[in-house]
Amino acid sequence: MARGRLWKACVIASLTIFQALIKVTFHSYEQINWETCTSSDACLVPANSKNATCGQGSISTYSVHATSSADVVKYVNFATKYNLRIVTKNTGHDYAGRSSGKGGFGLWTHGIKGISRNTTFVPAGSSIAPQDAVTIGAGVQWSDVYQFADDNNIIVVGGDSPNVGAAGGWIQGGGHSVLSQAYGLGVDNLLQATIVTANGVERTINEYQGAIRGGGPGTWGIITSITYKAHPGVPCAWVSISSRFSTVDDNYKLVQKYIEQAPVWADLGGGSFLNILPQSVTFLGVIPNATSVRAKQGLATIEPALPPGSNISYVDAPSFQSFFKATFDVSNEIVGINFALSSRLIPRTYFETDSAGLASALRKGQVFLGSSADVQTIQVLADTPAPKFQRNVTSTTPSWYNSLWHVIYTTAWPSNATVAQQQQLIKGIHDGAQVLRDYSPNSGAYISEADVYEPNHEASFWGTANAARLKTIKAKYDPKNFFQVWQGMDGMALRIRSTSAMLSSTPEMHPLLTSFA
Ligand SMILES: Cc1cc2nc3c(=O)[nH]c(=O)nc-3n(C[C@H](O)[C@H](O)[C@H](O)COP(=O)(O)OP(=O)(O)OC[C@H]3O[C@@H](n4cnc5c(N)ncnc54)[C@H](O)[C@@H]3O)c2cc1C
């Protein structure tokens, strides 16, 4: 997974050995700020002490481990009977801590496994033609799905990280993929789902799909399985380029070239990942069902603009899995980091009419990123879908379908950073994204990779029309708000719901929330 790899390079030096050893397990989160983050009882074992007192942090007070739909039904009924806020956790990758929750009743879905293929799948109650499909359990991760797909010579559209869950937060956020330009977002590939709603009923959903198709994670019930479209396996052309400049000005001239080239790459069906530092840019792009001849056409204006010493390589891969294994896949994803990001979807019109202005806005945002020069990174995920994939039942911000880049500002900090230092860094990326919000005021942001202080988050994550519809669905299926997450639909309205003496709660979700924004 590209981001994990890059973060590793950036922050590994500042991690304690204890942090680096933490794995994504029952109560672990990819970013430990979601384990440790409370102002009063953070739990981070000091590297030099075996006897330190460890508080509960943001981890649910009690948790259960579900391995089947029947378990989920049982646990949801228990939680609602005792009026507990349900905190659903799968892999713990959420960037806003939505799978952690102080005082909540944790329900771990990672043990619900299983992958199967049905070449003549018809969604329940539908009359559409049978199609090739893959059904996965709630706890399956992308690495498993990709291997299964490769073994069956098919493609399933999925995330860039092998370890993100394939049927949890990814799909409910919208689910972008380096394949999205060619095949759509995850939500465009969802055929059916099963979900246990707050009344303890497992539903095979149809009318409800608009909510889990981008309505946000952790808000609607507990998904137990998802069925995705399967596409025929095809060869893929991919290219990697890295270049370094001695001046920031020259570097951003190349960034402007990448901006101008982005519509061409997208129209060829390509997705890509760019990592922009003040004096360097790396590009990794892939086009499914293409050869490197086509990839070279897509980069015709880039090659002449590269500085001497740049590395460029084109590869004709026999399959998507071959590309993925060589690039995004990492067997030991770095976890236990303190990390935050902010983001903005950038509509295509700016690429076509104002490349200099967009390059300038990206650069202006980057200088806000605080004082740790080694983590001032812009990550661009050109994982947006072609407009033809937009469907009415999709609840994501419509900006996904008219944008070319999902731009992310990232920051990270060592475990001994003070709250003030954390605030400064997080404010830096918040302000960086604000430059892009001001630049593209009618666009939106991706709920699953957004600023935890995203302003006007409903308009930003869903758009006002989708948000209004989602409110109605929420009121119908979870009127007592058992499923509530930070900046989820109605997540802010009732705050923490638990009134049980056993699971006493506070509204604290992040120590910085009370003092910033
Ligand atoms: C390294 C990394 C790479 C990423 N790459 C991509 C990418 O390529 N494309 C992309 O779109 N996103 C990407 N993301 C964002 C990712 O999609 C979200 O973080 C997503 O929410 C993770 O879902 P999860 O189920 O794995 O994680 P968790 O943190 O366990 O859960 C995330 C959210 O989903 C809810 N949830 C989990 N399981 C269920 C369930 N069964 N039913 C109901 N709610 C559930 C949780 O309550 C929580 O709100 C990436 C994130 C990271 C950290």
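Residues numbered from 1 in each chain as written. Predicted model: local features only at pLDDT ≥ 70, side-chain atom pairs only at ≥ 80, totals over all residues.

- Per an unreviewed UniProt entry, the chain goes by FAD-binding PCMH-type domain-containing protein and derives from Multifurca ochricompacta.

Some points on helix 5 (residues 142-151)
Next up, step 1: When we look at burial in helix 5, the residues that qualify are Trp142, Ser143, Val145, Tyr146 and Ala149. Along the long axis of helix 5, the arc covered by the buried residues comes to 165 degrees, so they all point the same way.
Next up, step 2: The inward-facing, buried residues of helix 5 contact strand 4 (115-121), strand 5 (131-137), strand 6 (154-155) and helix 11 (320-326).
Next up, step 3: Of the residues trailing helix 5, asparagine 153 is marked for its positive phi of about 55 degrees. (Buried ≥ 20, exposed ≤ 12 C-beta atoms within 10 Å, placed from the backbone. Helix = DSSP H or I, 4+ residues; strand = E, 2+ residues; numbered from the N terminus. Arc of directions from axis to C-beta. Contact = placed C-beta atoms within 7 Å.)

A few points about the environment of valine 64
Next up, step 1: Positionally, valine 64 belongs in strand 1 (residues 62-65).
Next up, step 2: A residue is classified by how many C-beta atoms lie within 10 Å of it, and valine 64, with 15 of them, is partly exposed.
Next up, step 3: Taking the C-alpha atoms as reference points, valine 64 and threonine 109, separated by 45 residues in sequence, lie 9.0 Å from one another.
Next up, step 4: Ignoring any residue separated from it by four or fewer positions in sequence, one finds valine 64 in contact with Tyr75, Leu107 and Trp108.

Topic: the confidence of the model for the chain
Next up, step 1: For the chain, per-residue confidence averages 85 on the pLDDT scale, and 83% of positions sit at 70 or higher.
Next up, step 2: For the stretch residues 1-24, pLDDT sits under 50, and the model shows 58 contacts to residues farther than four places along the chain or on other chains.
Next up, step 3: The low-confidence segment residues 493-517 (pLDDT under 50) makes 55 contacts with residues lying over four places distant or belonging to another chain. (pLDDT = per-residue confidence, 0-100.)

Side note on the site of the ligand
Next up, step 1: For the ligand, the set of nearby residues contains 35 residues, the closest of which are Arg98, Gly165, Gly168, Gly169 and Gly218.
Next up, step 2: Mapped by element, the contributors of at least two residues to the shell around the ligand are helix 1 (2-11), strand 2 (86-89), helix 6 (169-173) and strand 9 (222-229).
Next up, step 3: Sort the elements by how many residues they give to the shell around the ligand and helix 6 lands first, with 4 residues.
Next up, step 4: The residue inventory of the shell around the ligand, partitioned by class, reads 9 nonpolar, 19 polar and 7 charged. (Near = placed C-beta within 6 Å. Nonpolar A, V, L, I, M, F, W, Y, C, P; charged D, E, K, R; others polar.)

Examining the packing of helix 9 (residues 248-267) against helix 13 (residues 355-366)
Next up, step 1: Two numbers describe how helix 9 lies on helix 13: the axes approach to 9 Å, and their chain directions differ by 125 degrees. Looking at the two axes, helix 9 sits oblique to helix 13. Handedness of the helix 9/helix 13 crossing: right-handed. Residues Tyr252, Val255, Gln256, Ile259 and Glu260 of helix 9 form the contact with helix 13, whose own contacting residues are Ser355, Ala356, Leu358, Ala359, Leu362 and Arg363. (Axes fitted to C-alpha atoms, helices over the stretch in contact; angles between N-to-C directions. Parallel < 35°, antiparallel > 145°, perpendicular 65-115°, else oblique. Left-handed = near helix turned anticlockwise from the far one by under 90°.)

Details of unusual backbone geometry
A negative phi angle characterises most non-glycine residues, just as the trans form characterises most peptide bonds.
Next up, step 1: Phi is positive for asparagine 153, which is not a glycine, with a value near 55 degrees.
Next up, step 2: Take asparagine 153: it is sitting in the loop between helix 5 and strand 6.
Next up, step 3: In the Ramachandran plot, asparagine 481 falls in the positive-phi region, its phi being about 60 degrees despite a non-glycine side chain.
Next up, step 4: Here asparagine 481 lies in the segment after helix 16 (464-477).

Looking at the sheet that holds strand 5
Next up, step 1: Within the open sheet, the 5 strands sit side by side as 4-5-9-7-8. Their pairing is antiparallel. A single partner strand is all that each edge strand has here, and the edge strands are strand 4 and strand 8 (202-205). Going from strand to strand, the sheet's axes swing by 20 degrees on average, the running direction of each strand aside.
Next up, step 2: As defined by bridge partners, strand 5 adjoins strand 9 across 5 bridges and the pair is classed as antiparallel. Note that in strand 9 the partner of isoleucine 136 across the bridge is isoleucine 226.
Next up, step 3: This element, helix 4 (residues 69-81), spans strand 7 (190-196), strand 8 and strand 9 of the sheet and lies at about 45 degrees to strand 7. (Pairing = 2+ DSSP bridges.)

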